[in-house]
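Working through the structure, step by step
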Amino acid sequence: MAALRREAEERDRTYREEMTALRREAEERDRAYREEVAALRREAEERDRAYRQEMAALRREAEEWDRQLGARLAEIAAQYLQIEANAAASRERYDQEMAALRREAEEHERAYREEMAALRREAEADYKKMRITLAEQSLKMGTLAEDLVAPSVPRILAEVVKCSSPPQMLGVRIRKRLPDGRSQEYDVMAVCDDVVLINETKTRLQTKDVNDFIDKLRKARDFLPEYADKKIIGALASFFIDPSLVRFGERRGLIMLGVVDGLMEILNRQGFVPATY
């Protein structure tokens, strides 16, 4: 019994020692675990603190970048608005300057046109005076046919008989003589296409002159056999012709010419067709 008791006691002591060792081992593991957990917690807290600091720095950097970006955008917008304002002001100044230049150019052009018109009127007036003076001198000198009628014949032929080319012959004081001794003088004579124009020029035209000239036209073919294939028309000219004489000569088929503003002009009505002899 004593041996069994000692064996039991020995076993109990051994058990107690094992339990004590296990308890110490467990306590040591628990301590190590707690220390490891505490270290992990500290590490996690440090990482969290560092992360929070890093995020705060990034947030501050982002906010600063956003502030700088906003300031730059505001600066660009202000510059754009300034550029737009300057451009608008420049356009307005340009438009005003161009409008002023346009008005100035128009004013210069208007003044130039008025000046040129005045000069033209003055030149025309002077030329008219000169023509009238020359016509009066030609009347005094008896050279109306040479000075006024002959130079006007191409224009008269073009207007009255639609002669499209310059006269093939134009002469002043044309004298013709027949073998039987008869002679005739034509103040101005012109040939254009199929027409022969004979002109008689008088200082003062009377009714008798109209009849005498028609008689001369009727005899013209005797003196102009070379123009037997052409029509003969007549034109009476004078410095001044009374309107009643113009109507009288026109009824007889004559072209009536008078001086108007120093030029020899056709006095017949519009659409007049001359008689042929």
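Refer to the structure printed above.
Residues numbered from 1 in each chain as written. Predicted model: local features only at pLDDT ≥ 70, side-chain atom pairs only at ≥ 80, totals over all residues. Heavy atoms only, no water.

Considerations on the overall build of the protein
In plain terms, the rule: For helices the rule is a DSSP run of H or I covering at least 4 residues; for strands it is a run of E covering at least 2, with both sets numbered from the N terminus onward. The classification of residues rests on relative accessible area computed with a 1.4 Å probe and restricted to protein chains. Under 20% of the type maximum is buried, over 50% is exposed, and intermediate values are partly exposed. Whether two residues are in contact is decided by their heavy atoms, any of which lying within 4.5 Å being enough. Note on areas: these come from Shrake-Rupley sampling with a 1.4 Å probe, and a residue is covered only by the protein chains present in the view.
Secondary structure assignment for the protein yields four helices and six strands. When the helices and strands of the protein are read in sequence order from the N terminus, they spell out α-α-β-β-β-α-β-α-β-β. Among the 277 residues that make up the protein, the fraction classed as buried is 26%. Within the protein, residue pairs in contact and separated by at least 24 positions form 55% of the contacts whose partners lie at least 6 positions apart. With the model as given, the accessible surface of the protein reaches about 19,500 Å², and the carbon-plus-sulfur share is 53%.

Quick word on the packing of helix α3 (residues 207-223) against helix α4 (residues 243-251)
Helices that pack against each other are described as a pair by the angle of their axes relative to one another and the distance between those axes. Just so we agree on the cut-off: Fitting a line to C-alpha atoms yields each axis, with helices limited to the stretch in contact; the angle taken between N-to-C directions then spans 0 to 180 degrees. For classification, angles of less than 35 degrees are called roughly parallel, those exceeding 145 degrees roughly antiparallel, those between 65 and 115 degrees roughly perpendicular, and all remaining angles oblique. Here is the rule for handedness: rotate from the far helix to the near one, and if that takes an anticlockwise turn smaller than a right angle the crossing is left-handed, while a clockwise turn gives right-handed. Lys, Arg, Asp and Glu make up the charged group, whereas Ala, Val, Leu, Ile, Met, Phe, Trp, Tyr, Cys and Pro make up the nonpolar group; the residues left over, Gly among them, are polar.
At a minimum axis distance of 10 Å, the contact between α3 and α4 shows a crossing angle of 20°. Taken together, the axes of α3 and α4 are roughly parallel relative to one another. Of the two elements, α3 crosses α4, and the hand of that crossing is right-handed. Counting all contacts with α3, which are made through T207, V210 and N211, the residues of α4 involved are L245, F248 and G249. Of the residues contributing to the contact of α3 with α4, the split by class is three nonpolar, three polar and no charged.

Some points on the state of the cysteines
By definition, a disulfide links the sulfur atoms of two cysteine residues through a covalent bond. Threshold: The disulfide definition used here is simple: a pair of cysteine sulfur atoms within 2.5 Å.
Scanning all chains against the criterion turns up one disulfide. Each disulfide pairs two cysteine sulfurs, and for C163 the partner residue is C192, the sulfurs being separated by 1.3 Å. Separated by 29 residues along the polypeptide, C163 in the loop between α2 (144-160) and β1 (169-177) and C192 in strand β2 (residues 183-192) bring together distant segments of the chain. For the pair C163 and C192, a shared accessibility class is recorded, and that class is buried.

Remarks on the nonpolar core
Going by this rule: Remark: nonpolar core denotes a set of buried residues (Ala, Val, Leu, Ile, Met, Phe, Trp, Tyr, Cys) joined through side-chain atoms within 4.5 Å.
The biggest cluster of nonpolar side chains holds 25 residues, and the ones touching the most others in it are Y186, M189, I198 and L254. The element that contributes the greatest number of residues to this core is α3, accounting for six residues. In contact with I198, not counting residues within four places along its chain, are Y186, V188, M189, F213, L217, A220, L224, I232, I233, G234 and A235. Listed in part, the 23 residues of the second largest apolar core include L157, C192, M264 and F272.

Examining a nonpolar patch on the surface
Here is the rule we go by: A patch consists of residues whose relative accessible area exceeds 30% and which take part in no salt bridge; residues with like charges are grouped when within 9 Å of each other, and nonpolar side chains (Val, Leu, Ile, Met, Phe, Trp, Tyr) when within 5 Å. Salt bridge, as used here, is a side-chain nitrogen of Lys or Arg placed within 4 Å of a carboxyl oxygen of Asp or Glu.
A cluster of nonpolar side chains, contributed by Y15, M19 and L22, occupies part of the molecular surface with about 290 Å² of accessible area. For M19, the location among the structural elements is in helix α1 (residues 2-141). Residue class for M19 comes out partly exposed when judged on its relative accessible area of 30%.

Observations concerning the sheet that holds strand β5 (residues 255-260)
Heads up, the rule is: DSSP calls a pair of strands paired once it identifies at least 2 bridges connecting them.
Read across the open sheet, the six strands follow the order β1-β2-β3-β4-β5-β6; overall the sheet is mixed. This sheet does not close on itself; its edge strands, each paired only once, are β1 and β6 (263-266). Along the sheet, successive strands turn relative to each other by an average axial angle of 35°, direction set aside. Relative to β5, strand β4 (residues 231-238) runs parallel, the two being bridged by four bridges. If you follow A235 over to β5, its bridge partner there is I255. Of the strands in this sheet, β1, β2, β3 (195-202) and β4 touch α3, which is tilted by about 145° from β4.

A closer look at the side chain of S238
Turning to its location among the elements, S238 is positioned in strand β4. Residue contacts for S238: discarding those within four places in its chain leaves K202, T203, R204, L205, L257, G258, V259 and M264.

Topic: the layout of surface pockets
Selection rule: Only protein atoms enter the 1 Å grid, on which a cavity is a set of points fitting a 1.4 Å probe that cannot get out and a pocket is an open set with protein on both sides within 12 Å along at least 5 of 7 lines, lining residues being those with an atom within 4 Å of a point. Grid points are joined across faces, edges and corners, and a volume is the space filled by probe spheres set on the points.
When its volume is computed, the largest pocket comes out at roughly 230 Å³. Along the walls of the largest pocket sit E159, V160, K162, I266, N268, R269, Q270, G271 and F272, which together make up its complete lining. Residues that form the lining of the largest pocket fall into these classes: three nonpolar, three polar and three charged.

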